[in-house]
Amino acid sequence: MYKTKDTLLSEFCSITSASQKDARRYLDKHQRRLDAAIDAYYQEGGGRTTVASTSKLNALFDKYKGRLPTHATPPSLNPATDPTGDIISIDGTIQLCQDLKVDPENVVLLAVAYELKSPRVGEWNKKGWVEGWSRLGCDTVDGMKDALTRLRAKLGSDATYFHKVYDHTFGFARTEGQRSLAIDTALAFWDLLLPTGLTGGALKHDLTGEDVDMDAEESSGWTDEHTQWWFQFLTEKGGKGVSKDTWMMLFDFIRSIDSQFLTHDAEAAWPSAIDDFVAWARSVGKVPTPETT
């Protein structure tokens, strides 16, 4: 969908809190590609007007890492919840979410997990905590709240950033020692990420170069309805789990496919799960087969 320069300026400023002058400069530099302009702005240090205090971040880390479950295993037997160690675990995470006034299942926490290099759900190590919040220019809870607002907007609108968070989420959500994601786990995280990317534009489709009528209704791209088809297919199909290849390639499939799957090439290097999904959608009449179009 075409956007005027004023609209792009407004969206850039809303997401980054940058000045009109900076917004115009970055948009002009990147040929008015909003996602590329925003990504460059943050990579070049935009939006960071203060230097975070390491001592304040260390104090906050110590506050949250010290919260043990009521029936916790003694720290000497459980390093993951040892208040003398360098890990914030589940109970500390819950307290952090309460202080930030954010639901623990809010999608923005996946962006925070990426920024702080969290290794798994509900776990934050000290190095990632200090370095991550420092990059974001935060050393107080109020500053972190402001960062969450920026990250939420960036996650929805910036395709490059969305892809980085999406990539990190696979390892973050995976059970330690497993190579794939359990299907119910994958569905839960897709249910957080995909609507965010579709609504904000990070997952907007790009049919450039495809032999499809760009003005045709059937070329509108992936929607929330397609997401529900994908969930239905995986639930019916069952199986051991979702591989990283399937997880990562779904992002490319969503961004490139038309709404009726007319451009799908079964000879291309898609994971078998995606090829099977297209075949399933055709067999149950959700999209037409190429012969009937």
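Keep in mind the model is a prediction, meaning the values are calculated, not measured.

**Focus on the overall build of the chain**
Part 1 of the reasoning: From N to C terminus, the chain includes 13 helices and two strands.
Part 2 of the reasoning: Put simply, the chain has 293 residues, and 47% of those count as buried.
Part 3 of the reasoning: A separation of at least 24 residues holds for 67% of the contacts in the chain among residues at least 6 apart in sequence.
Part 4 of the reasoning: Element-wise, carbon and sulfur atoms account for 49% of the exposed surface of the chain, whose accessible area totals about 15000 Å².

**With respect to helix H10 (residues 183–200)**
Part 1 of the reasoning: Counted at 1.5 Å a residue, the expected span for H10 with its 18 residues is 26 Å, and the 25 Å between its end C-alpha atoms agrees.
Part 2 of the reasoning: The largest bend along H10 reaches roughly 30° and is located at Trp-190.
Part 3 of the reasoning: Looking at H10, one finds that the buried residues are Ile-183, Ala-186, Leu-187, Phe-189, Trp-190, Leu-193, Leu-194, Thr-196 and Gly-197.
Part 4 of the reasoning: Buried residues belonging to H10 abut helix H6 (108–115), helix H8 (141–157), helix H9 (159–173), helix H11 (224–237) and helix H12 (244–256).

**Comments concerning the pattern of salt bridges**
Part 1 of the reasoning: Within this structure, the stated rule accounts for nine salt bridges.
Part 2 of the reasoning: Residue Lys-5 is joined to Asp-28 by a salt bridge in which the shortest nitrogen-to-oxygen separation is 3.2 Å. You can see Lys-5 sitting in helix H1 (residues 5–16) and its partner Asp-28 sitting in helix H2 (residues 20–29), a full 23 residues away along the chain.

**Concerning the confidence of the model for the chain**
Part 1 of the reasoning: With 85% of its residues at a pLDDT of 70 or more, the chain has an overall mean of 86.
Part 2 of the reasoning: When pLDDT is averaged over each element of the chain, H6 comes out on top at 98 and helix H3 (residues 34–43) at the bottom at 78.
Part 3 of the reasoning: Note on residues 68–84: pLDDT is under 50 here. Beyond four places in sequence and across chains, it has 15 contacts.
Part 4 of the reasoning: Overall, residues 214–218 carries pLDDT values under 50, and its contacts beyond four positions in sequence, including any with other chains, amount to six contacts.

**Some points on unusual backbone geometry**
Part 1 of the reasoning: Non-glycine residue Arg-32 carries a positive phi angle of around 60°.
Part 2 of the reasoning: As for its position among the elements, Arg-32 is in the loop between H2 and H3.
Part 3 of the reasoning: Since its relative accessible area comes to 39%, Arg-32 is described here as partly exposed.
Part 4 of the reasoning: Look at Phe-261: it is not a glycine, yet its phi comes out positive at around 60°.
Part 5 of the reasoning: With respect to the element layout, Phe-261 can be found in the loop between H12 and helix H13 (272–283).

**What about the nonpolar core?**
Part 1 of the reasoning: Core analysis: the largest hydrophobic core is formed by 71 residues, its most contacted members being Trp-129, Trp-133, Trp-190, Trp-230 and Trp-247.
Part 2 of the reasoning: Once residues lying within four places of it in the same chain are set aside, the contact partners of Trp-230 are Trp-190, Trp-222, Thr-246, Leu-250, Ala-273, Ile-274 and Phe-277.
Part 3 of the reasoning: If you look at the next biggest cluster of nonpolar residues, it comprises 15 residues, including Leu-9, Phe-12, Ile-15 and Leu-27.

**Remarks on the environment of Tyr-42**
Part 1 of the reasoning: As for its placement among the helices and strands, Tyr-42 is situated in helix H3.
Part 2 of the reasoning: A sequence separation of 26 residues divides Tyr-42 from Thr-16, and the C-alpha atoms of the two residues are 8.4 Å apart.
Part 3 of the reasoning: Not counting chain neighbours up to four residues away, the residues in contact with Tyr-42 comprise Ile-15, Thr-16, Arg-150 and Lys-154.

**Notes on the environment of Val-278**
Part 1 of the reasoning: Turning to its location among the elements, Val-278 is positioned in helix H13.
Part 2 of the reasoning: Classification of Val-278 as buried rests on a relative accessible area of 1%.
Part 3 of the reasoning: Separated by 12 residues in the primary sequence, Val-278 and Ala-266 have C-alpha atoms spaced 9.0 Å apart.
Part 4 of the reasoning: Once residues lying within four places of it in the same chain are set aside, the contact partners of Val-278 are Phe-253, Phe-261 and His-264.

**Here we look at the environment of Asp-258**
Part 1 of the reasoning: Residue placement: Asp-258 occurs in the loop between H12 and H13.
Part 2 of the reasoning: For Asp-258 and Ser-220, which are 38 residues apart along the polypeptide, the C-alpha to C-alpha distance reads 6.1 Å.
Part 3 of the reasoning: From its side chain, Asp-258 meets the backbone nitrogen of Phe-261 in a polar contact 3.0 Å long.

**Description of the packing of aromatic side chains**
Part 1 of the reasoning: Using the criterion set out here, one finds 26 aromatic pairs in the structure.
Part 2 of the reasoning: A centroid spacing of 6.1 Å and a plane angle of 20° characterise the contact between Phe-162 and Tyr-166, whose relative ring orientation is stacked. One end of the pair is Phe-162 and the other is Tyr-166, both in helix H9 and four residues apart, which spans about a single turn.
Part 3 of the reasoning: Geometrically, the ring pair formed by Tyr-166 and Trp-247 is stacked, given 4.6 Å between the ring centres and 15° between the ring planes. Placement of the pair is Tyr-166 in helix H9 and Trp-247 in helix H12, with a sequence separation of 81 residues.

Conventions used here
Residues numbered from 1 in each chain as written. Predicted model: local features only at pLDDT ≥ 70, side-chain atom pairs only at ≥ 80, totals over all residues. Heavy atoms only, no water. Helix = DSSP H or I, 4+ residues; strand = E, 2+ residues; numbered from the N terminus. Buried < 20%, exposed > 50% of the residue type's maximum accessible area, 1.4 Å probe, protein only. Contact = heavy atoms within 4.5 Å. Areas by Shrake-Rupley, 256 points an atom, 1.4 Å probe, with all protein chains shown as cover. Expected span 1.5 Å × (residues − 1). Bend = angle between axes of the 7 residues up to and from the residue. Salt bridge = Lys/Arg side-chain N within 4 Å of Asp/Glu carboxyl O. pLDDT = per-residue confidence, 0-100. Core = buried A, V, L, I, M, F, W, Y, C linked by side-chain atoms within 4.5 Å. Polar contact = N/O pair within 3.5 Å; in protein donor to acceptor, adjacent residues only side chain to side chain. Phe/Tyr/Trp six-rings, centres within 6.5 Å; stacked < 30°, edge-to-face > 60°.

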